[in-house]
Amino acid sequence: MNIKNLLLASSLALASAVASAAAPTTWIDGLYNTGEVFFAGEQDTNYRFTVVTGTATGTGGYGVVTTGEGFPFPIWAENDVASSWLTPSANAGDSYDPSSNGLYKWSISFDLTGKDTGTASFAGRWWADNQGYVQLNGHTISSGVNLSSPTSFGASAGFVSGLNTLDFYVTNNAQNGGNPTGVRVEFLTSNAAIAAAVPEPESWALVVAGLAVVGAIARRRIA
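1. Structural notes on the pattern of salt bridges
Next, step 1: Per the stated rule, a full pass over the model turns up three salt bridges.
Next, step 2: Between arginine 184 and aspartate 80 there is a salt bridge, with the nearest N and O atoms lying 3.0 Å from each other. You can see arginine 184 sitting in strand 11 (residues 182–194) and its partner aspartate 80 sitting in the loop between strand 3 (62–65) and strand 4 (86–87), a full 104 residues away along the chain.
Next, step 3: Overall, the relative accessible area of 36% leaves aspartate 80 in the partly exposed class.
Next, step 4: Arginine 184 is paired through a salt bridge with glutamate 186; the nearest N and O atoms lie 3.7 Å apart. Residue arginine 184 shares its accessibility class with glutamate 186, and that shared class is buried.
Next, step 5: Bridged by salt links that share partners, the residues Asp80, Arg125, Arg184 and Glu186 form one connected network.

2. Here we look at unusual backbone geometry
Next, step 1: With an omega of 5°, the peptide bond running from phenylalanine 73 to proline 74 counts as cis.
Next, step 2: That bond from aspartate 129 to asparagine 130 is cis: its omega, 15°, falls within 30 degrees of zero.
Next, step 3: Tracing the backbone shows asparagine 130 in the loop between strand 6 (115–129) and strand 7 (131–136).
Next, step 4: Although it is not a glycine, asparagine 137 adopts a positive phi angle of roughly 50°.
Next, step 5: Looking at asparagine 137, the relative accessible area reads 25%, which means it is partly exposed.

Reading the values: the criteria
Residues numbered from 1 in each chain as written. Predicted model: local features only at pLDDT ≥ 70, side-chain atom pairs only at ≥ 80, totals over all residues. Heavy atoms only, no water. Salt bridge = Lys/Arg side-chain N within 4 Å of Asp/Glu carboxyl O. Helix = DSSP H or I, 4+ residues; strand = E, 2+ residues; numbered from the N terminus. Buried < 20%, exposed > 50% of the residue type's maximum accessible area, 1.4 Å probe, protein only.

Here you go:
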């Protein structure tokens, strides 16, 4: 390979390596607002519903997208085109936990395989009846929430390569009658860069060889 071709090949290899290092960021697949891709009355299978303690039983392990009409609306913040409340059963007004607090978990999972976890982040807001906290992979990232105005949550660390889980824990305070529970989640931003490809050894060899030639030429000119 002559010097001109060597320099050209090494330049292309270096450009490829730089391009890989500057991978674009994309929305994190698997992060959905509650009720985002479902109609009212359907189960939102993006969010798994788990009873930790309490009298709610759920519907096949998932919550139901509310219509936004009747009790507990308008006490709960109104549904909109971005997100809707989920409740344990098809009747949003069902009453639970008459004598002791209930604790319920709403979970969504997303896969960061092939993404650079160091660049991952998301931010959003949520509502719940009555109170709660949010955990990413078992670590609390937000606490304190109410049913009439949104509470912010977000993370820029704590991600793992592969499957990640975001849990929204909701406490339903004990009340004998008129005591529904539910959750509403809305993501505002999210991103994660595609993991940079590791250049092949041949590419690095071309880069090193090209730099060596450039250095030799420079030294000759100085001499």
